[in-house]
Amino acid sequence: MENSAESINYYGHKPSETVEDREKKLTPSPRANKARELYFGAKSSTSMEFPYWYTRRWDELDGEIPVIRRAESLKAGFEHLTPVIYPGELLAMGKASFLRGSYPMPWLSEAFFMASEDKLYQEALESGKLTADTFTTLGKGGGNVTNSSGKVISIAGKFGVRVEEMPVMLEVAKKWKNRSVDDIGHKYEQMVPAYKEKEAIMRSVICMFDSGYTLPQGREVINYYYPLQYGIDGIIRICEESMNEVAGFPEMDRLYFYKAVITMLQGIKAWIRNYAEEARLLASLEKEEKQKAEYTEMAERLDHISSDPPRNFHDALQMIWTFHVAVLNEDAISGLSPGRLGQVLYPFWKRDIDGGLIDRGKTIELLECMRIKFTEIDCFASMGVVGGVLSGNTFNNLCIGGLKKDGTQAANELEMLILETGISCETPQPTLSLLYDEKLPEEFLMKGIECTKAGAGYPAWVSNTVAMEFLLNNYAHEGMQTEEARAWSIGGCLETSPGSWMPLNLDGEIHWIPGGSAPATSVGVHFISLPKILETVIFDGIDMRSGERIFPSHGYKLESYDELWQGFKDYFSRAVHVLTLTNNIQHDAWRKISPSLVNSMLKPDCLEKGRDLGQMGARYNTTFNVESCGNTTLINSLASLKKNVYDEKNFDLETYRKAILENFGYHTAQETGSYSLVDQKPNEHHSEYRKIHRRSLDAPKFGNDDPYVDALFKQWEEWFCEMTHNYRSLYDQPLYACQISVSTHGPMGAVTLASPDGRLSGTTFSDGSVSAYPGTDRQGPYALFNSATCWNHSQSQNSQLNMKIHPSVVKGREGSRKFLELIRAYMRKGGFHVQFNIVDSRMLKQAQSDPDKFRSLLVRVAGFTQYWVELGKQIQDEVIARTEYEEL
Amino acid sequence: MDQSTLTGGYIFDIQGFSVHDGPGCRTLIFLKGCPLRCLWCSNPEGIRPFPEPLYKETKCLFDLYCLQACPYKTIKLTGGKETPRLEFDRDKCAHCNTYDCVKACLTGALGQGGYFISLPELYSRIERDRQYWGVNGGITLTGGEPFAQPEFTTGILKMCYEAFIHTAVETCGDIPWNHIEPSLPWLDWIFFDLKHMDETAHKLLTSSSNRTILENARRLAVSFKGRLVFRMPLVPGRNDSDENIRATAEFILSCGFKELNILPVHHLGREKYLLTGQTYMLQDLEMNAREQLLAIKDRFIELGVSCYPGSETPF
């Protein structure tokens, strides 16, 4: 027998003494491989073309109707983007004229990318907007430009900009002072009575980010239906006809909207044609016959889709990619998910493959090229957002499986190939999510297992049943019914997003394709640090790290557990209240200054209603949420206090206060340079605190099927999910709970003192929302599953369970089958989401010390897959620690 | 003893999602107590029949809270200032059931190896895990030696079997037949260890004769209706000679069985010897390479035995 009681680091099996590699390996096609090598060599780069022309046009149109002004500015930006095509590409176009190109959008926010000595930057720091930036670390490797060197300046800790473009950047940024969404929103958010409290909340990093000007769109599913069905000219015709119907009638905003869409589309047409022109130029210069033909074909394809709907699968894929980038270029966006792309494209592909126009080999090559294109997407935002939330990831989540409109299973052959290319061409984007349903065929599920086992961290496994229940609970009042609930998909990393069925007419036959039909589904109150709130409850409203008062005294003596819990609920509610109001104001500034046009045009039913997304043009608009971070750290802390202070009275609260302030007699994480609890070192005072620290560590921990702590978890969930409905969004809809930590558990942990569960100051919180704190799940996966499902997941937009499994446990055919049984069991039990890192942690440690050798190593973080070398140290440490804690 | 008066037994671990010890995903229950002393034993904390302290010296800071807390004064500080360590009078510890020392420890150096669990408690734990096994799946009793607590073993096997749960036992075989037989009607599967065919060699490896073991195997051939797979831990230079391989194959076939799972022994349990105050004897043994394992498998197959190496037993 190979198992042992004491030294299990991994579920079910003790690792052998040699480092285990991942099991399944396939190689990409030579074409994709070459493109990926190019990508590995590319740095995140930013250029000023788009913002320069946007700003110039904006200023020319002073006094014009805002939505028209916006459309003209976007058009000017698109028209002036320099086209760049790389040899061997089958899909052309990108955000900017660099391989990993992006650009700042100063009309949203301009202060954060100013030099740190600039007055603009200092003001932003003062208001608490940039505190998160200063506690975030970004990965030092890969394509991140973390330091300036030579003729490249590092901006926002990640992006390189050419030194000669710097003056333009600063000039353009300064032009937006007092005009950007950030500045206008800031002006008016101060009118909220509790505004001062909001600033203190941001400075203490109880909340990580504002919503309205950071990433105002994203965490949603794009809808490609209109361009696929009508082509750009077709959409323009629809707008022209609609203009005729509304001109001069009430609700005149519709007239301007249609006009704006036409203007914007003309910009996109020009942008596509510039690429076609470039392809023709390259063809004329190319000597090599095959490449020459490819350029010619590309030019012809781009010309075609600049006006007309796609004729075949390759056209359709190019069209989808073009519009994906077009949306990304209108706003700072992360988490614009292609959604159920395999089902959207299937009618085109099926017609081609039946007609002999394409074969499987060619399909795989195209899909591989698509993976690399999605991976090239960068999002320009502040360091705190890019590093602290996103870890540089852009969350283009592609979903497979689920159900069709008629309720039958939706998996298809093209999705099998999408899984196949997820293995052969491992890249972080698009990440995959498998919408698990009992009706899905076994063959498809086993293919999903094979891909999960390949170790890149996708697909994540997500419950179709739980998601549909959530949607029907939250969108029924907007008219959602079961049939439409089936069209859902994951938007962003793990945000359940509503969809609609659209009638794609191909050769007279209707194919119902799914696509997104709501705006951003995770905006509103971003990432509230639950452990930090508890800290302020314990210290009666003061952030002891800075000494600043955040909340007024709660007035409780904290003599019973119920009082402590009430204190927590009071402070949490205060934070949600003020943040809802200030963020509503920011979003109002956003929809007035920088309304969405590209994304609005795509989403049903904006074109029908003549309204953009900010005017509730979409079919479903209940999309504001409250996000939590550090769930399990909070619950473990509450359990420890309940047991040690209130039930068993081992220590009084004053003793806990002292121990927290003295970090249980340990050096701080900043001093040790590691953010994992395992690596912390005691200082000379440790012996005074050893007892309280041990009792805190020994207190019941979530993830072990222990009713003592699971009951507190359930109590929290039921209260949290319900209380969010008491707050109203900008669109006068109730909010809902969203529980994903993404990467915020790193930087938020960094500013939080030791917690009563024994976690030490500055160390990372628990990840996800139903994951155990690293290493404290000592009873194996079944106990963890039981704890995780102690509440009903459909009350929340999501729940997140991250697990690390050693490759040897799921080895071979038998291992694959058992792995599926494990996942299926969790789904049947009511779990919403589970994802895996199938990796030997010793390999991760090697990669930490020798990053160059592991440039292509992918790991799963929280809802996304990322290159190891591009992750911040906080998150790297946490991924290593997830199930190991032997030495604590 | 009347079975109804016995309500539980001593175990030292339960593990869900085990994938190597029977069909499907399984829950493994590790029972305390074993009559053998195999040199390579990877679960030395399962040998003694009752709970015991586990002492991890590397974590000990020598505050001596445990020493003060122990009501029986079984803990001693030895080794002087330079190399301090704690020593336990483990015979006396065996009679303790309060574990004040473990409760007093503030460093995590002391743990409790093994605990009592009642049949209903154990069964409800199995019921919980059952919903996660998926198709196939079940329980495997291992240890230690499950038949060393025969009433407990029979009790839990019967409860599971009657609830349509697949049941398996991993046994060393060195147990009186009347402690094995009552469990047989409630068993689907037995892993039965064969460590050496030569009695003297067997004694050297396990401190015990193999007579009872071989006799029990022959009886199982007659009495047991489920599937039996022999397991042979391969200890390089100790039991992997061609002579022993031939003798093992002959024995298996002469009983009327034919399946054998060969397992390379490993050093993974060695840290646990320190925890329980025992000495690991195979410290310097070089382990079999994968090629040698496959060569031995081929040899068994040549001799007519269906031989599965490592985790490749078809379930």
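All figures in this text were calculated on a predicted structure; none of them were measured in a lab.

**Examining the nonpolar core**
Residue and element names in this part refer to chain A. Among the nonpolar cores identified, the biggest contains 280 residues, and Cys207, Leu345, Ile528, Ile533 and Ala575 are the most heavily contacted of them. At 14 residues, helix H21 (residues 561-593) tops the list of elements feeding residues into this core. Other than its neighbours up to four places away in sequence, Ile528 contacts Ile206, Cys207, Ile533, Ala575, Val626, Glu627, Ser628 and Cys629.

**Things to note about the domain arrangement of chain B**
Where interface size is quoted, it is often the accessible area lost as the parts come together. Partitioning chain B into domains gives domain 1 (7-48 + 117-309) and domain 2 (53-113). The interface of domain 1 of chain B with domain 2 of chain B comprises 7 residues on the first partner and 8 residues on the second.

**Let's talk about the confidence of the model for chain A**
Residues and elements named next belong to chain A. Of all residues in chain A, 95% have pLDDT values of 70 or greater, and the mean over the chain is 91. Throughout residues 1-15 the model reports pLDDT below 50, and contacts reaching past four residues in sequence, or to other chains, amount to 61 contacts. Low pLDDT, under 50, characterises residues 883-888; the predicted model gives this stretch 18 contacts beyond four residues in sequence or across chains.

**Looking at the pairing of strand E12 (residues 499-506) of chain A**
Residues and elements named next belong to chain A. Bridging between E12 and strand E13 (residues 509-516) involves 8 bridges; their strand directions are antiparallel. When the bridges of E13 are listed, Met502 appears paired with Ile513. Remark: 2 residues form the turn of the hairpin made by E12 and E13, two consecutive strands paired antiparallel; Asp507 in that turn has positive phi of roughly 50 degrees.

**Brief notes about the sheet that holds strand E14 (residues 523-529) of chain A**
Strand pairing in a sheet relies on backbone hydrogen bonds. The paired strands run either parallel or antiparallel. All names here are of chain A. With respect to topology, 3 strands assemble into an open sheet ordered E14-E17-E18, the strand pairing being parallel. Two strands lie at the open edges of the sheet, namely E14 and strand E18 (736-738), each paired on one side alone. The sheet shows a mean angle of 25 degrees between the axes of neighbouring strands, taken without regard to direction. Of the strand pairs in this sheet, strand E17 (residues 624-629) and E18 are connected by 3 bridges, and their pairing is parallel. For Asn625, the partnering residue across the bridge sits in E18 and is Tyr736. Packed onto the sheet, H21 meets E14 and E17 and runs at close to 145 degrees relative to E14.

**Structural notes on unusual backbone geometry**
All names here are of chain A. The peptide bond linking Tyr458 to Pro459 adopts the cis configuration, its omega dihedral lying at -5 degrees. The residue Pro459 is located in the loop between helix H17 (442-453) and strand E9 (460-463) in this model. Phi is positive for Met93, close to 90 degrees, though the residue is something other than glycine. For Met93, the position within the fold is in the loop between helix H3 (66-79) and strand E2 (101-102). For Glu251, which is not glycine, the phi torsion reads 55 degrees and is therefore positive.

**Quick look at the sheet that holds strand E7 (residues 398-401) of chain A**
Residues and elements named next belong to chain A. Taking strand neighbours across the sheet as the criterion, the 5 strands line up as E7-E8-E9-E20-E19 in an open arrangement whose pairing is mixed. Taken across any chain shown, the strands that pair with only one partner, and hence form the sheet edges, are E7 and strand E19 (802-805). Direction aside, neighbouring strands of the sheet carry axes that sit 25 degrees apart on average. Taken together, the 2 bridges between E9 and strand E20 (residues 833-838) define a ladder with antiparallel strand orientation.

**Here we look at the packing of helix H10 (residues 253-285) of chain A against helix H11 (residues 289-305) of chain A**
Residue and element names in this part refer to chain A. Running from amino to carboxyl end, H10 crosses H11 at an angle of 160 degrees, the nearest separation of the two axes being 8 Å. On the basis of their axis angle, the class for H10 and H11 is roughly antiparallel. Considering how the two elements wind past one another, H10 and H11 form a crossing that is left-handed. Across from Ile272, Arg273, Tyr275, Ala276, Ala279, Arg280, Leu282 and Ala283 in H10, the residues of H11 making contact are Lys292, Tyr295, Thr296, Met298, Ala299, Leu302, Asp303 and Ile305. Here the contact of H10 with H11 is composed, by residue class, of 11 nonpolar, 1 polar and 4 charged.

**Regarding helix H27 (residues 686-698) of chain A**
All names here are of chain A. Between its first and last C-alpha atoms H27 spans 17 Å; for 13 residues at 1.5 Å apiece the expected length is 18 Å, and the two agree. By the burial criterion, the buried members of H27 are Tyr689, Ile692, His693, Ser696 and Leu697. Among the structural elements, helix H24 (631-647) and helix H25 (653-661) are those in contact with the buried residues of H27.

Definitions and limits used
Residues numbered from 1 in each chain as written. Chains lettered and ligands numbered in written order. Predicted model: local features only at pLDDT ≥ 70, side-chain atom pairs only at ≥ 80, totals over all residues. Core = buried A, V, L, I, M, F, W, Y, C linked by C-beta atoms within 7 Å. Buried ≥ 20, exposed ≤ 12 C-beta atoms within 10 Å, placed from the backbone. Helix = DSSP H or I, 4+ residues; strand = E, 2+ residues; numbered from the N terminus. Contact = placed C-beta atoms within 7 Å. Domains from an automatic or database assignment. pLDDT = per-residue confidence, 0-100. Pairing = 2+ DSSP bridges. Axes fitted to C-alpha atoms, helices over the stretch in contact; angles between N-to-C directions. Parallel < 35°, antiparallel > 145°, perpendicular 65-115°, else oblique. Left-handed = near helix turned anticlockwise from the far one by under 90°. Nonpolar A, V, L, I, M, F, W, Y, C, P; charged D, E, K, R; others polar. Expected span 1.5 Å × (residues − 1).

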